Protein chains: 2
Amino acid sequence: MGLAKTALYTKEQNELALIAKAFGHPARVAILQYLFKIERCVCGDLVNEIGLAQPTISQHLKELKHLGLIKGNIEGTRVCYCIDPENWKNMKSIMKDFLDQDIPNPDCC
Amino acid sequence: MGLAKTALYTKEQNELALIAKAFGHPARVAILQYLFKIERCVCGDLVNEIGLAQPTISQHLKELKHLGLIKGNIEGTRVCYCIDPENWKNMKSIMKDFLDQDIPNPDCC
DNA sequence: TTGTTTTATTGCAATATTACGATAAATGCT
DNA sequence: AGCATTTATCGTAATATTGCAATAAAACAA
C-alpha cells in the first residue's frame, strides 16, 4: 500500500522514523555534510556542489527545513541555509537514545 | 523519477543513507525496540506485538537482516531473531560520526 | 502419511519519493 | 521600466515502498 500505519506505533517510534527518513537519501546527507563543512552559510552553491537540478535541491532543502534540522535566511535574491543548532541537538539526543540501547543477550543466536 | 543517483555521492554518504533508510519506517523501529526490550530472542511474536500482517513483518525483518542489523536462527519451524551486536556497533559508530559533527557558525543565520 | 504450525515468497494494488522542465516570485541592477 | 539572478512552486513521469492475500516451504506431531 505504501502507507505507513502511524497509529500502530508510539509517538517516539514515529518521530524517530521521520528523523531517519530525512537521512535516508544521500542527497540530504550530502547537503548536511556540506553545511557542516563550510565556514559560512551556503546560499546557492549546493546545486553546483551536488550534481542535481536546482528544483531537486530546493525540494530536499524544504524537507530538511520542515523537519527543523536547517534554517534559511533570505539575503537579497539568495537564501542562506545553515544547520539549526538547537534542533540538531534535540534530534541527536533522540537518535542516540535509540542507538545506545543495551543489547540483551549477545550470545542468544 | 524516484531513483537516487548514487554515483553523485561518496561511499560514506550512500552508506549512511542506507542505514538511515532502515530506521525510516516505524515498523522497523518497533521491531528493533522489541528486540532490545525482551530478555530472550524473539521468535514469531512480532506479528502479535505489532499490528501488521505476517508477510509484512517478514518483509521488514528481511530488510533489517539484509543490512546486517539483525540475525535469524532457524529453530524448528520457528526463527529466532536478535540484534547482531557487532554490526550494530559498527553502524552506531557511522551514525555517531555523522551526528557529532561540529556546527561551524551557530550565529550565522 | 496427513495435518499443523511457522515463516518466506509471490503477485499485486495503493501510496510515496525522487527528479526535472517550465514557470513564477522576489530582489537587485542599469 | 526592463533585464538578470536566484530560489520556490507546479506539474508530471519514473521508480520505490508498503501492505496484504494467497501460496509455498520446512519442520514437527500424531
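Residues numbered from 1 in each chain as written. Chains lettered and ligands numbered in written order. Predicted model: local features only at pLDDT ≥ 70, side-chain atom pairs only at ≥ 80, totals over all residues. Heavy atoms only, no water.

Labelled according to an unreviewed UniProt entry, chain A appears under the name Transcriptional regulator, ArsR family, originating from Salegentibacter echinorum.

Visitor: Go over the overall build of chain A with me, naming the residues and quoting the values.
Guide: Helix and strand counts for chain A come out as 5 helices and 2 strands. Starting at the N terminus and ending at the C terminus, chain A contains elements arranged as α-α-α-α-β-β-α. In terms of its C-alpha atoms, chain A occupies a principal-axis envelope of roughly 55 × 35 × 25 Å. Within the span of chain A, comprising 109 residues, buried residues form 41% of the whole. For chain A, contacts bridging at least 24 residues in sequence account for 48% of all contacts bridging at least 6. By element, 49% of the accessible surface of chain A is carried by carbon and sulfur atoms, the whole surface being about 6200 Å². Chain A carries 13 positive and 13 negative side-chain charges, and their two centres are separated by 7 Å. (Helix = DSSP H or I, 4+ residues; strand = E, 2+ residues; numbered from the N terminus. Buried < 20%, exposed > 50% of the residue type's maximum accessible area, 1.4 Å probe, protein only. Contact = heavy atoms within 4.5 Å. Areas by Shrake-Rupley, 256 points an atom, 1.4 Å probe, with all protein chains shown as cover. Lys, Arg positive; Asp, Glu negative; His and termini not counted. Charge placed at Lys NZ, Arg CZ, Asp CG, Glu CD.)

Visitor: So, the side chain of Gln13(B): which residues are in play, and what are the values?
Guide: With respect to the secondary-structure elements, Gln13(B) resides in helix α1 (residues 11-22). For Gln13(B), the residues in contact, after removing those within four places along its chain, are Pro26(A), Val29(A), Ala30(A) and Gln33(A).

Visitor: Describe the pattern of salt bridges, and please don't skip the residues or the numbers.
Guide: Within this structure, the stated rule accounts for 8 salt bridges over all chains. Across the pair Lys96(B) and Asp100(A) runs a salt bridge whose closest N-O atoms are separated by 2.8 Å. Of this pair, Lys96(B) sits in helix α5 (residues 85-99) while Asp100(A) sits in the segment after α5 (85-99), on two different chains. By relative accessible area, Asp100(A) is classed as partly exposed at 34%. A salt bridge links Glu63(B) to Arg28(B), with the nearest nitrogen and oxygen atoms 3.2 Å apart. Taken together, the residues Glu63(B) in helix α4 (residues 54-67) and Arg28(B) in helix α2 (residues 26-37) connect sequence positions 35 residues apart. Bridged by salt links that share partners, the residues Lys92(A), Lys96(A) and Asp100(B) form one connected network. (Salt bridge = Lys/Arg side-chain N within 4 Å of Asp/Glu carboxyl O.)

Visitor: Give a description of the interface of chain B and chain A that names residues and reports values.
Guide: Of the residues lining the interface, 51 residues belong to chain B; the matching set on chain A comes to 51 residues. A buried area of about 4400 Å², summed over both sides, lies between chain B and chain A, and 71% of it is on carbon and sulfur atoms. Linking chain B with chain A are 4 salt bridges. Linking chain B to chain A there are 8 residue pairs in polar contact (both at pLDDT 80 or more). (Buried area = accessible area lost by both parts, 1.4 Å probe. Polar contact = N/O pair within 3.5 Å; in protein donor to acceptor, adjacent residues only side chain to side chain.)

Visitor: Describe helix α2 (residues 26-37) of chain A, with residues and values.
Guide: Residues and elements named next belong to chain A. Here α2 is 12 residues long and its end C-alpha atoms lie 16 Å apart, about the 16 Å a rise of 1.5 Å per residue gives. The buried count for α2 comes to 10 of 12 residues, which makes it a mostly enclosed element. Those residues of α2 that sit buried are Pro26, Ala27, Arg28, Val29, Ala30, Ile31, Leu32, Tyr34, Leu35 and Phe36. (Expected span 1.5 Å × (residues − 1).)

Visitor: Please provide a residue-by-residue account of the relation of the copies chain B and chain A, values included.
Guide: When chain B is fitted to chain A, the residual RMSD is 0.1 Å, and the transformation amounts to a turn of 180 degrees plus an axial shift of 0.0 Å. With respect to symmetry, the two chain copies, as superposed, fit the operation of a two-fold axis. Among all residues of chain B, the minimum C-alpha distance to the rotation axis is found for Ala20(B), at 2.5 Å. A shared interface surface links the copies, since 100% of the contact residues of chain B are contact residues in chain A too. (Least-squares fit on C-alpha atoms with pLDDT ≥ 70 in both.)

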